[in-house]
Amino acid sequence: MSLKFNTKKSRAAAVAISAGALLLTACGPDSSTDSANGDSNQPAASGDGPKIFVVGGKADDPFWSRVKRGVDDAALVVKAGGGSVTWLGPKNYDNLGPDAAKLIETALSQDADGVVGPDWEPDAMDEAFTKVVGGDTPLVIYNAGGIEAADRLGALNYVGSDELTAGKAGGEFFGQDGEKNVLCVNTLPGAANTEARCQGIAEGIAASGGKSTQLPLPSSKFGDPTAVAQAIKAALLKDNSIDGVITISTGDANAAASAIQQASVQDSVALGTFDLDPTQLDRIKGGTQLFAIDQQPYMQGYLAVSMLYDYINWGLELPQKPILTGPAIINADNVDTVLAGAEAGVR
Amino acid sequence: MTVHATEPDVRKRSTRATQTPSSFSLSNLLRRPESGALIATVGIYIFFVINGGEFFTASKGTATWLNPAAELGIIAIPVGLLMIAGELDLSVGSVLASSSMTLALVSGHWGQPIVLGVVVALSLGLLTGFVNGLIVTRSQVPSFVVTLATNFGLAGLALGVTRAVTGSTSVAIETDGWAKKVFGSYFGGGTFEVAIFWWLGVIVVVGWILHMSKYGNWIFAVGGDLVSARATGIPTDRVKIALFMGSAFGASLVGVIQTILYNSAQVANGQAFVFNSIIAVVIGGVLLTGGYGSVVGVVFGTLTFSIVGQGIYFTGWNPDWASLFLGVLLLIAVLMNNTFRRMALSYGPRKKKG
C-alpha cells in the first residue's frame, strides 16, 4: 500500500479487530539496527553550498524507498553545487509524530539551510516546523499535510498527492473508457482518505454522465480476500448494470479480479485500483485489469529537494501551489515503462 | 453464558448426549447441541431466499456464501474442538498470514518447488500451534493471553521478514498444475472453490475424532473438568497441545489455499478469521467455557455466519447497515442456542433406555 503516512495510520486504526497487526503492516516498523536518532546517512558537506535536510519515512519502506530515490537523484545536483542533502528517517513508526518532530529539531541543530518534511501529525510536529520558519530557514512540506499545512506554517509549497483528485482522475478514466456504473469497493468505510477516494471516483465519472456507488464492507471481512471477493461478486450478480469496479487497495483488487472472474463478467466489467504493486502491473499487462492509480512517490522526493535547492540558491519559486505528484493512471499503454521503473526502484 | 447445570453435570450429560446413538425421537433431536444452530441456519437461509431473490438461490449465489464458509470452516472446526477443551486460539490470523507469506516467499520469491513451499508453510502452522500449546500447558497462563501474544508476535515477524527479504508487503506467486488444482481452483463452472472439499475432509476427520474415537471423550473431559480428567489418566497436556496444533494447521491450510487462489500473499491478511472463527463456533452451540459442543453444530454455525455476512448484498439494502444486521442476528442465534442448551441440560433424556 503506498498511501500517505498519516492516512495509512488512520486506515489501519479504523479496523479495531486487527488493530495491532495492521498498525504493524500499515506503518511498517520492522526491527531496526539504526542509531537512536534514526537512520541518517550524512554525506560530508563538501563546499559552501546549502545544507538541506529531508525528514521522511524509513528508507526500507517500499513507498519511502521510492521517495528517497527521488531525493538521492535530486541530491546529485545539490552536491555538484557544493551543498549536501541529509535524509533523516525515524527508527520505527511507533511514535511517529514526536519522533519526526525531534528529527526536525536535529536538522535545525545542524544549521540546516533548508528543510523538507511531511506534516504527518500536525499536533506533534507543527511546533518544530514553526521553529524552522521562525529562524528564516525555508521549508517545503511534502507527502502529507496538503497545501493547508504549507500555508499555515508559512512553507514555500506542498509537494504530494490529494485523494479526492486521485479519485476524480480514476472516475474520469472510467468515463473515457465508456463505463457508466462503477462500484467503489471500500473495505475501510468511514476513514477520511478512503471516503475521499470513492467520492472522487463518483465526481470524476459524473463528468461523462456515469455514476459510482460505494460498496462499504464491514470490518469482519477486512483482510479476508474470499469474503471480499464474494461480496463483490454478489453485488455484481445483483446489479448487472455495473460495468466497472474500483478498489481502495491492491489487496482488494486481487479479490475483485477473482470476483469478476467468478461472476463470469470479465467482458463487461472493468477493474481499476488505487495504488501499485507487481501483481497489479502483471494483470494490467495481461489485460485483466484496466488501470491503477499511482501517486508517484519518486516525484515527491525529487521535486521537493530540487525546488528547495533552487529557491535557496537563486530564489526560484513556482507559482503552482500545491505541486501534485499524482495521480498518474497506469494502463496497458504505459505498463511496460512502469514495469521497467519498478525494476529500477523508482516506481 | 449463565444458566446451566454444574460443570461435571454438563460434562456427563453432554458426553452422553453426543455419544449414545439412542432412539431418534423429536425431543431427543431437539436436545442435541446442534439443534439451535441448525434452526438458525435454516431460518437465515429462508430469510434471504425471501429477501434476496433468484440470484441468492442460483448456484453462483450459493457459492457466494459457501466459499467463505468453507475457508472459515477449515479454521472454525479445529478452533471449536479447542474451545470444547476449554481453550481459545487468537493466533489463527497471524498463522494464516505468515503461512501464506512463507509459501509466497519460498515458492514465489525464491522460486523453489511449490511442494516445498506448501510443506514449509504448513509446518510453520504446526510449529506455532505446538509452541502455543507448550506455553499454555507449561505456564498456566490463559490461552487467551498466550495466543494473543503469538498473534502479535507472528504478525511482526511476518512483516519484518517479508520487508527485509522483498522490500514489500505483498508478494506475488504464480502456480499452475497440481497445486492450483488441489488448493486454489474452482469447480462447477468456475463457481465453487475446491476448499469446499478440504472443509468436508476436515468435517469427517474431526467429526470422527470428537464423536466416535476415545479422543473425543478426552476432549470433552478436558474441557468439562480438567482436574478430574487428569485424575482419570487422560494426558491432558498432550491433548491440549495436539488441539492447538490442529487449529494452527487449519489456519495455515487456509493460508495456503488463499495464496494459491489469489496468486499473492499480503501481510495484513487473515486477521478477520480470529473473531470470525470464534463467532462461528459460538453460533454453532459450543460453550465459550468449554465441555459442550459438536462438529455438526460448528458447521451450521459457520454456514449461518457466512450466509448472514454475504446475504445482505443480494437484498439491495444499503450495505452501510451490514454490521448492525450481523450483530443482531448473531445475538438472536446465540440466545436461541442457549435455550436449546438449557433444554438439553436441565430436562435430560426422559428415561434411560438400557
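Source: prediction; values computed, not measured.

> When you look at the overall build of chain B in this model, what are you seeing that I'm missing?
Within chain B, the secondary structure is distributed over 16 helices and 4 strands. Here chain B holds 354 residues, and the buried ones make up 57% of them. Within chain B, contacts between residues at least 6 apart in sequence are counted, and of these 78% link residues at least 24 apart. Surface summary for chain B: the accessible area is close to 14,100 Å², and the carbon and sulfur share equals 70%.

> Before we go on, may I ask you to explain the state of the cysteines in this structure?
What makes a disulfide is a covalent bond joining the sulfur atoms belonging to two cysteines. Residues and elements named next belong to chain A. Under the defined criterion, the tally for this structure stands at 1 disulfide over all chains. Put simply, Cys 184 and Cys 198 are joined by a disulfide, and their sulfur atoms are 2.0 Å apart. Measuring the twist about the S-S bond at about -80°, one finds the Cys 184-Cys 198 disulfide to be left-handed. In this pair, Cys 184 is assigned in strand E7 (residues 181–186) and Cys 198 in helix H8 (residues 192–206), connecting sequence segments 14 residues apart.

> Would you mind going over the packing of helix H5 (residues 59–84) of chain B against helix H14 (residues 272–283) of chain B with me for this structure?
Axis angle and axis distance: for two packed helices, these are the angle between their axes and the distance between the axes, and together they describe the pair. Residue and element names in this part refer to chain B. Viewed as axis vectors pointing N to C, H5 and H14 meet at an angle of 65°, and their least axial separation amounts to 8 Å. In terms of orientation, H5 and H14 fall into the roughly perpendicular class. In this structure, H5 meets H14 at a crossing whose hand is right-handed. Along the contact surface, H5 presents Glu 71, Leu 72, Ile 75, Ala 76, Val 79, Gly 80 and Met 83, while H14 presents Phe 273, Asn 276, Ser 277, Ile 278, Ala 280, Val 281 and Val 282. Of the residues in the contact of H5 with H14, the class split is 10 nonpolar, 3 polar and 1 charged.

> How do you make sense of the interface of chain B and chain A when you look at a structure like this?
When the parts of a complex come together, some accessible area is lost, and that lost area is often used as the size of the interface. The interface is formed by 49 residues belonging to chain B together with 44 residues belonging to chain A. Broken down residue by residue, the surface that chain B buries against chain A is led by Arg163(B), Tyr262(B) and Tyr313(B), which jointly contribute 20%. At the boundary of chain B with chain A, the tally comes to 0 salt bridges. Connecting chain B to chain A are 11 residue pairs in polar contact (both at pLDDT 80 or more). Listed by contribution, the elements that provide at least two residues to the side of chain B that touches chain A are H5, helix H8 (143–166), strand E1 (170–172), helix H13 (236–262), strand E4 (264–266), H14, helix H15 (295–315) and helix H16 (322–347) of chain B. The leading source of residues in the side of chain B that touches chain A is H5(B), at 7 residues. Tallied by class, the residues present in the side of chain B that touches chain A amount to 20 nonpolar, 24 polar and 5 charged.

> Honestly, the sheet that holds strand E11 (residues 291–294) of chain A in this entry has me stumped. Any pointers?
Residue and element names in this part refer to chain A. The sheet built from 6 strands is open, its strands ordered E8-E7-E9-E10-E11-E13 with mixed pairing. Here the strands that pair on one side only, and so sit at the sheet edges, are strand E8 (211–216) and strand E13 (328–331). With direction set aside, neighbouring strand axes in the sheet form an average angle of 20°. Where E7 and E8 come together, 6 bridges link them in parallel fashion. Looking at E8, one finds that Val 182 is bridged to Ser 212. Each of strand E10 (270–274), E11 and E13 touches helix H11 (residues 278–286); the most contacted strand, E13, lies at about 55° to it.

> Any chance you could explain the packing of aromatic side chains here in plain terms?
A ring pair, where both rings are aromatic, is described by two values, the distance of the centres and the angle of the planes. Inspection of the entire model under this criterion finds 19 aromatic pairs over all chains. Ring plane angle 10° and centroid distance 5.8 Å describe the contact between Tyr298(A) and Tyr302(A), whose orientation is recorded as stacked. One end of the pair is Tyr298(A) and the other is Tyr302(A), both in helix H12 (residues 297–314) and 4 residues apart, which spans about a single turn. Both rings, one in Phe47(B) and one in Phe325(B), keep their centres 5.9 Å apart while their planes meet at 35°; by these two values the pair is tilted. One end of the pair, Phe47(B), is in helix H3 (residues 35–52); the other, Phe325(B), is in helix H16, with 278 residues separating them in the sequence. Classification of Phe325(B) by relative accessible area gives buried; the value is 19%. In this structure an aromatic cluster arises from ring pairing among Tyr45(B), Phe47(B), Phe48(B), Phe56(B), Trp65(B), Phe314(B), Trp317(B) and Phe325(B).

> Looking at this model, I keep getting lost on a nonpolar patch on the surface. Mind explaining?
Residues and elements named next belong to chain B. On the surface, a cluster of nonpolar side chains totalling about 480 Å² of accessible area is made up of Val 115, Leu 116, Val 119, Val 120, Trp 178 and Val 182. Elements with a minimum of two residues in the nonpolar patch: helix H7 (114–139) and helix H9 (178–183). Ranked by residue count, the leading element in the nonpolar patch is H7, at 4 residues. Mapping Val 115 onto the fold places it in helix H7. Among the residues examined, Val 115 registers a relative accessible area of 43% and is labelled partly exposed.

> Is there a simple way to think about the confidence of the model for chain B in this case?
Detail in the predicted coordinates should be disregarded across regions flagged by low pLDDT. All names here are of chain B. Scored by pLDDT, chain B has a mean of 86; 89% of the residues are at 70 or more. Across residues 1–22, confidence stays below pLDDT 50; counting only partners more than four residues off in sequence or on other chains, it has 38 contacts. This complex was scored by the predictor with a pTM of 0.73 and an ipTM of 0.72.

> When you look at the pairing of strand E5 (residues 139–142) of chain A in this model, what are you seeing that I'm missing?
For a regular strand, side chains alternate in direction, first toward one face of the sheet and then toward the other. All names here are of chain A. Neither face of E5 is left uncovered, since the one carrying Leu 139 and Ile 141 and the one carrying Val 140 and Tyr 142 both have all their residues buried. Summarising the sheet, strand E4 (residues 114–117) and E5 pair through 3 bridges and their orientation is parallel. Directly across from Gly 117, in E5, lies its bridge partner Ile 141. Chirality of the crossover, the property in question, places the unit of E4, helix H5 (residues 122–134) and E5 among those that are right-handed. By the bridge criterion, 2 bridges tie E5 to strand E6 (residues 158–160) in an arrangement that is parallel. Paired with Ile 141 across the two strands is Tyr 158, which belongs to E6.

> Explanation requested: the packing of helix H3 (residues 62–80) of chain A against H12(A) in the structure shown.
Residues and elements named next belong to chain A. Following both chains from N to C, one finds H3 and H12 inclined at 30°, their axes separated by 6 Å at the closest point. It follows that H3 is roughly parallel to H12 by the angle criterion. In this structure, the crossing between H3 and H12 has a hand that is right-handed. Two secondary-structure elements touch here, H3 through Phe 63, Arg 66, Val 67, Arg 69, Gly 70, Val 71, Asp 73, Ala 74, Val 77 and Val 78 and H12 through Pro 297, Tyr 298, Gln 300, Gly 301, Tyr 302, Val 305, Ser 306 and Tyr 309.

> Just to check I follow, could you spell out the confidence of the model for chain A for this structure?
Mean pLDDT over chain A works out to 84, with 86% of the residues at or above the 70 mark. Between residues 1–45 of chain A, whose pLDDT stays under 50, and residues either more than four places distant or in other chains, the model counts 125 contacts.

> In this structure, what is going on with empty space enclosed by the protein? I would like to understand it.
Applying the stated rule across the entire model yields 6 cavities of 30 Å³ or more. The calculated volume of the second largest cavity comes to roughly 120 Å³. Lining of the second largest cavity is provided by 14 residues; of these, Ala227(A), Pro68(B), Asn276(B), Phe305(B) and Gln310(B) occupy positions nearest its centre. Elements supplying a minimum of two residues to the lining of the second largest cavity: H5, H14 and H15 of chain B. Considering each element in turn, the lining of the second largest cavity owes the most residues, 4 residues, to H15(B). Here the lining of the second largest cavity is composed, by residue class, of 7 nonpolar, 5 polar and 2 charged.

Conventions we followed
- Residues numbered from 1 in each chain as written.
- Chains lettered and ligands numbered in written order.
- Predicted model: local features only at pLDDT ≥ 70, side-chain atom pairs only at ≥ 80, totals over all residues.
- Heavy atoms only, no water.
- Helix = DSSP H or I, 4+ residues; strand = E, 2+ residues; numbered from the N terminus.
- Buried < 20%, exposed > 50% of the residue type's maximum accessible area, 1.4 Å probe, protein only.
- Contact = heavy atoms within 4.5 Å.
- Areas by Shrake-Rupley, 256 points an atom, 1.4 Å probe, with all protein chains shown as cover.
- Disulfide = S-S within 2.5 Å.
- Axes fitted to C-alpha atoms, helices over the stretch in contact; angles between N-to-C directions.
- Parallel < 35°, antiparallel > 145°, perpendicular 65-115°, else oblique.
- Left-handed = near helix turned anticlockwise from the far one by under 90°.
- Nonpolar A, V, L, I, M, F, W, Y, C, P; charged D, E, K, R; others polar.
- Buried area = accessible area lost by both parts, 1.4 Å probe.
- Salt bridge = Lys/Arg side-chain N within 4 Å of Asp/Glu carboxyl O.
- Polar contact = N/O pair within 3.5 Å; in protein donor to acceptor, adjacent residues only side chain to side chain.
- Pairing = 2+ DSSP bridges.
- Phe/Tyr/Trp six-rings, centres within 6.5 Å; stacked < 30°, edge-to-face > 60°.
- Patch = residues over 30% accessible without salt bridge, like charges linked within 9 Å, V, L, I, M, F, W, Y side chains within 5 Å.
- pLDDT = per-residue confidence, 0-100.
- Right-handed = clockwise from strand over helix to strand, strands pointing away.
- 1 Å grid on protein atoms, 1.4 Å probe; cavity = no way out; pocket = protein on both sides within 12 Å on 5 of 7 lines; lining within 4 Å.
- Points joined across faces, edges and corners; volume = space filled by probe spheres on them.

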